[in-house]
Amino acid sequence: MTAAPHPGTDQVWDWLSQVPDPEIPVISLTDLGIIRDVAWADDTLVVTVTPTYSGCPATSIINLDIETALRSHGIEKLRLERQLSPPWTTDWITEGGREKLRAYGIAPPIDGTAADGRLAGRIARLAGSSNLVIACPRCGSTKTEKISQFGSTPCKASYRCTDCLEPFDYFKCI
Amino acid sequence: MAGAETIDRTAFAEWLQRVGDNALILGHRVSEWCGHAPALEEDIALANQALDLIGQCQLWLGLAAEVEDKGRSADDLAFLRDAGAFRNLLLVERPNGDFAQTLMRQFLFDAYHVELLRALKGSTDNRVAEIAAKAEKEVAYHLERSADLVIRLGDGSAESHARMEQALKSLWPYSGEMFIDDATDQAMADAGIAPLPSTLRAAWDETVAAVLTEATLAHPGQAWQHKGGKQGVHSEHLGFLLAEMQFLQRAYPGAVW
C-alpha cells in the first residue's frame with residue numbers, strides 16, 4: 001500500500017470550521033474556540049480539544065462529531081486529546097462567531113466581565129442592579145434585565161428586554 | 001509533577017477523593033431540585049450548577065483513580081463505594097430542606113470552594129493545578145449567584161429573612177469542618193500540592209461577614225462544630241443519598257449507556 005500524502009493541517013482546520021456546535025448549531029467548533037491544536041504525529045492526526053465547561057454534556061457529542069466529520073474526509077488514523085489548560089474562555093469565541101450568535105438571538109459574551117470570585121468589592125453591585133449592559137439581540141435595546149444566572153445550557157444566562165419584551169439567552173463570560 | 005512522585009500515593013488519592021466527593025455529593029444534592037425548584041429559572045440554574053459540580057467531580061475522581069492505581073475508574077469510585085468510604089464534608093450531605101437551606105449551604109461552600117481552587121492553581125502537581133484553574137472559573141460564578149441570592153432573600157421579605165436566618169443557624173455548625181487540618185492535609189501541604197485548610201479561613205470569614213452584613217443576617221459567631229466527614233464518619237443522610245445515586249449500578253452492575 002502506498003501512503004498517500006496526508007491532508008495539510010490548514011485543510012483539517014477548514015473541515016473543522018464546518019462542524020457545528022451540537023447545542024448552538026449556528027456556530028462552528030472553531031468559532032467557539034475549543035479546537036486548540038491540529039497536528040500530525042507520523043500518520044496519525046491529533047486534534048486537541050478543550051471543554052467549555054467541566055460538566056457540559058455536549059463534550060462527548062462534540063468529540064463524536066469531530067471524529068465523524070474527519071472520517072468522512074478520509075482520515076483513518078485519528079486521536080482526540082483533551083487539554084484542560086489554559087482553561088477555555090469566552091474570549092476565544094471568534095468575531096464571526098459572535099455575529100452568528102447575535103443573529104441567532106443569543107447575546108454574545110462581553111469580554112472581561114467574567115466573575116472573579118473576589119466578592120468583597122462586588123457586594124454593592126450584587127445588591128444593586130448589574131452595571132453590565134447587555135444589548136437585546138433582537139431589537140438592540142440596552143434596556144435589558146437578568147432573569148437568571150443560568151439559561152438553557154450551562155454556558156448561558158437568561159435575560160429579557162424591557163423594550164421589545166422578548167426573553168433571550170446571554171452567552172455568559174468565563 | 002514533582003509532588004506526585006515524592007508523596008505517599010495513598011494520602012494523595014485520599015485527598016483527591018475528598019475534593020472529588022465534595023463536588024459529587026453537593027452536585028447530587030443540587031440535582032435533586034430538578035423538576036421541583038420554586039421557579040422555572042431556578043430549576044434550570046440549579047440543574048446547570050449541578051452539572052458543573054458533577055463535571056468537576058469526574059476530573060477529580062478520574063485523577064484519584066489514576067493516582068491510587070488500583071484499576072478503578074472515576075465511575076467505580078462514585079458508584080461502588082459505600083458511605084464509610086466517602087470523604088466529603090458533612091456540610092454538603094445536609095438535606096436540601098427549603099430553598100433557603102439549599103442556598104445557604106451553597107453559599108457557605110462556594111465561599112470556601114473558590115478560595116481552595118484559587119490556592120490549588122499554584123499546586124506543585126500540574127494535573128491538580130489544571131483542574132483547579134478550570135473549576136475556579138465555574139465556581140467563581142457559583143459564588144456570585146449564591147451570594148446574590150443570600151443577600152436578596154436575607155434582605156427580602158419577613159418570610160424570606162426568617163427562613164435564611166434559620167438556614168444559617170442550622171448549617172453554621174457544619175461550616176467549621178472545612179478548615180480543620182489533619183495528617184492527610186499536612187502531607188499535601190508539605191508536598192506543595194494543596195494548602196492547609198486552616199489557611200483558607202481568613203478569606204472565607206471576610207466573604208461571609210461581608211455578605212451576611214449586606215443580607216441583614218446576624219453572624220452566628222463561635223459555635224460548636226460537627227466533624228468527621230473527611231475521615232468517612234457521616235450522618236445518616238449520606239446513606240439515603242447514595243441509595244438513590246448508586247441504585248442503577250448496584251441493581252445492574254456494569255450497565256452502560
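For the structure, check the block above.
Computed from a predicted structure; not experimentally measured. All chains use their own residue numbering, which begins from 1 and follows the written sequence. Chain labels run from A onward and ligand labels from 1 onward, assigned in the order the entries are written. Given that this is a predicted model, residues contribute local features only at a pLDDT of at least 70 and side-chain atom pairs are listed and counted only at 80 or more, while totals for whole chains, interfaces and linings are drawn from all residues.

J.: Explain the overall build of chain A to me, and be specific about the residues and the numbers.
T.: Each helix is a run of H or I in the DSSP string that is no shorter than four residues. Each strand is a run of E no shorter than two, and both are numbered from the N terminus. Tallying secondary structure elements over chain A gives 5 helices and 7 strands in all. Within chain A, the fraction of its 174 residues that count as buried is 32%. Residues with at least 20 other C-beta atoms within 10 Å of their own are called buried, those with 12 or fewer are called exposed, and the rest are partly exposed. The C-beta atoms themselves are positioned from the backbone.

J.: Now, about the overall build of chain B: what can you tell me, with residues and values included?
T.: Looking only at helices and strands, one finds 12 helices and 0 strands in chain B. Ordered by position in the sequence, the α and β elements of chain B form the string α-α-α-α-α-α-α-α-α-α-α-α. Every radius of gyration here is taken over C-alpha atoms, with the globule rule written as 2.2 Å times N^0.38, N being the number of residues. In terms of overall size, chain B behaves like a compact globule, its C-alpha atoms giving a radius of gyration of 18 Å where 257 residues would be expected to give roughly 18 Å. For the C-alpha atoms alone, the extent of chain B along its principal axes is close to 55 × 40 × 30 Å. The proportion of buried residues among the 257 residues of chain B is 51%. We call two residues in contact if the C-beta atoms placed from their backbones are at most 7 Å apart. Sequence separation of 24 or more characterises 75% of the internal contacts of chain B that already satisfy a separation of 6 or more.

J.: Any details on helix H10 (residues 201-214) of chain B? Residues and values, ideally.
T.: Residue and element names in this part refer to chain B. For a helix, the expected span equals 1.5 Å multiplied by the residue count minus one. Taking 1.5 Å as the rise per residue, H10 with 14 residues should run 20 Å; its terminal C-alpha atoms sit 20 Å apart, in good agreement. Of the positions making up H10, those classed as buried are Trp-204, Thr-207, Val-208, Val-211, Leu-212 and Glu-214. Across the axial projection of H10, the buried residues extend over an arc of 160°, all falling on one side. Turned more than 90 degrees off the buried face of H10, the exposed positions are Ala-202 and Ala-209. Taken from the residues just after H10, Thr-216 is the one with a positive phi, measuring 55°. To be clear, the arc concerns the directions from the helix axis to the C-beta atoms.

J.: Requested: an account of the interface of chain B and chain A, with residues and values cited.
T.: In this assembly, 34 residues from chain B lie in contact with 24 residues from chain A. Within the residue set of the side of chain B that touches chain A, elements represented by two or more residues are helix H3 (40-68), helix H7 (126-154) and H10 of chain B. Among the elements that line the side of chain B that touches chain A, the one with the most residues is H7(B), at 16 residues. Residues are grouped as follows: Ala, Val, Leu, Ile, Met, Phe, Trp, Tyr, Cys and Pro are nonpolar; Asp, Glu, Lys and Arg are charged; every other residue, Gly included, is polar. For the side of chain B that touches chain A, a count of residues per class yields 17 nonpolar, 5 polar and 12 charged.

J.: Which residues make up the pairing of strand E3 (residues 78-82) of chain A, and what values do they have?
T.: Little of E3(A) is tucked away: 0 of the 5 residues are buried. The crossover handedness rule: strands pointing away from the viewer, path from first strand over the helix to second strand clockwise, crossover right-handed. Crossover strand E2 (residues 44-49) of chain A to E3(A) through helix H3 (residues 58-72) of chain A is right-handed.

J.: Describe the pairing of strand E6 (residues 156-161) of chain A, and please don't skip the residues or the numbers.
T.: Residues and elements named next belong to chain A. Of the pairings in the sheet, the one linking strand E5 (residues 144-148) to E6 comprises 4 bridges and is antiparallel in character. What sits directly across from Glu-145, in E6, is Arg-160. Strands pair, by our definition, only if DSSP identifies at least two bridges between them. Counting the residues that bridge the hairpin from E6 to strand E7 (residues 167-171) gives 5 residues, and of these Leu-165 lies at a positive phi of roughly 70°.

J.: I'd like a rundown of the environment of Thr94(A), residues and numbers included.
T.: Residues and elements named next belong to chain A. Summarising the element assignment, Thr-94 is placed in the loop between E3 and helix H4 (95-104). A C-alpha to C-alpha distance of 18 Å links Thr-94 and Tyr-53, two positions 41 residues apart in sequence. Beyond its immediate sequence surroundings of up to four residues, Thr-94 is in contact with Asp-31 and Gly-33.

J.: Describe unusual backbone geometry, and please don't skip the residues or the numbers.
T.: Residue and element names in this part refer to chain A. The peptide bond linking Ser-85 to Pro-86 adopts the cis configuration, its omega dihedral lying at -5°. Tracing the backbone shows Pro-86 in the loop between E3 and H4. A positive phi angle, close to 55°, is found at Asp-42, a residue other than glycine. Looking at where Asp-42 falls in the secondary structure, it is placed in the loop between strand E1 (35-41) and E2. Positive phi is not limited to glycine here, since Leu-165 has a value of about 70°. For Leu-165, the location among the structural elements is in the loop between E6 and E7. Using a count of 10 C-beta atoms within 10 Å as the deciding quantity, one classes Leu-165 as exposed.

J.: Summarise the nonpolar core; cite the residues concerned and give the values.
T.: Side chains that are nonpolar tend, in soluble globular proteins, to be buried together. By our criterion, buried Ala, Val, Leu, Ile, Met, Phe, Trp, Tyr and Cys residues that link up through C-beta atoms within 7 Å make up a nonpolar core. Of all hydrophobic cores here, the largest spans 112 residues; its most connected members are Leu16(B), Trp60(B), Ala64(B), Leu91(B), Met104(B), Val150(B) and Met164(B). The source of the domain bounds is an automatic or database domain assignment. A domain split of this core shows at least three residues from each of domain 1 (9-82) and domain 2 (105-171) of chain A. For Leu91(B), the contacting residues outside a window of four places in its chain are Arg105(B), Leu108(B), Phe109(B), Leu171(B), Tyr174(B), Ser175(B), Glu177(B) and Met178(B).

J.: Could you give an account of the packing of helix H6 (residues 99-120) of chain B against H7(B), with specific residues and numbers?
T.: Helix axes use the C-alpha atoms of the stretch in contact, all axes being lines fitted to C-alpha atoms, and the angles between their N-to-C directions lie in the range 0 to 180 degrees. Relative orientation of the contacting elements H6(B) and H7(B) amounts to 145°, with a least axis distance of 7 Å. The hand of the H6(B)/H7(B) crossing is left-handed. Helix crossings get a hand from a simple test, with the near helix turned counterclockwise from the far one by less than a right angle marking a left-handed crossing and a clockwise turn marking a right-handed one.

J.: Could you give me a rundown of the sheet that holds E5(A), with the residues and numbers involved?
T.: Sheet architecture is open: 4 strands sit in the order E4-E7-E6-E5 (chain A), paired in mixed fashion. Taken across any chain shown, the strands that pair with only one partner, and hence form the sheet edges, are strand E4 (106-107) and E5 of chain A.

J.: Describe in detail the environment of Leu200(B), supporting the description with residues and values.
T.: Residue and element names in this part refer to chain B. Positionally, Leu-200 belongs in the loop between helix H9 (183-190) and H10. For the pair formed by Leu-200 and Val-114, sequence separation is 86 residues and the distance between their alpha carbons is 9.8 Å. The contact partners of Leu-200, leaving out residues within four places of it in the chain, are Tyr-112, Glu-115, Leu-116, Ala-119, Phe-179 and Pro-195.

J.: Can you explain the sheet that holds E2(A)? Please cite residues and give values.
T.: Residue and element names in this part refer to chain A. Taken in spatial order, the 3 strands of this open sheet run E1-E2-E3, and their pairing is mixed. Strands with a single pairing partner mark the edges of an open sheet, and in this sheet they are E1 and E3. Recorded for the sheet is a direction-independent mean angle of 20° between the axes of neighbouring strands. Helix H1 (residues 9-16) rests against E1 and E2 of the sheet, and its axis sits at about 140° to E1.

J.: Explain the packing of H7(B) against helix H8 (residues 158-171) of chain B residue by residue, including any values.
T.: Residue and element names in this part refer to chain B. Contact geometry for H7 and H8: axes closest at 7 Å, N-to-C directions at 125°. By the criterion of interaxial angle, the relationship of H7 to H8 is oblique. Of the residues in H8, those in contact with Val-150, Leu-153 and Gly-154 of H7 are Ser-160, His-161 and Met-164. Its residues assigned to classes, the contact of H7 with H8 comprises 3 nonpolar, 3 polar and no charged. To sort the angles, those under 35 degrees are grouped as roughly parallel, those over 145 as roughly antiparallel, those from 65 to 115 as roughly perpendicular, and the leftovers as oblique.

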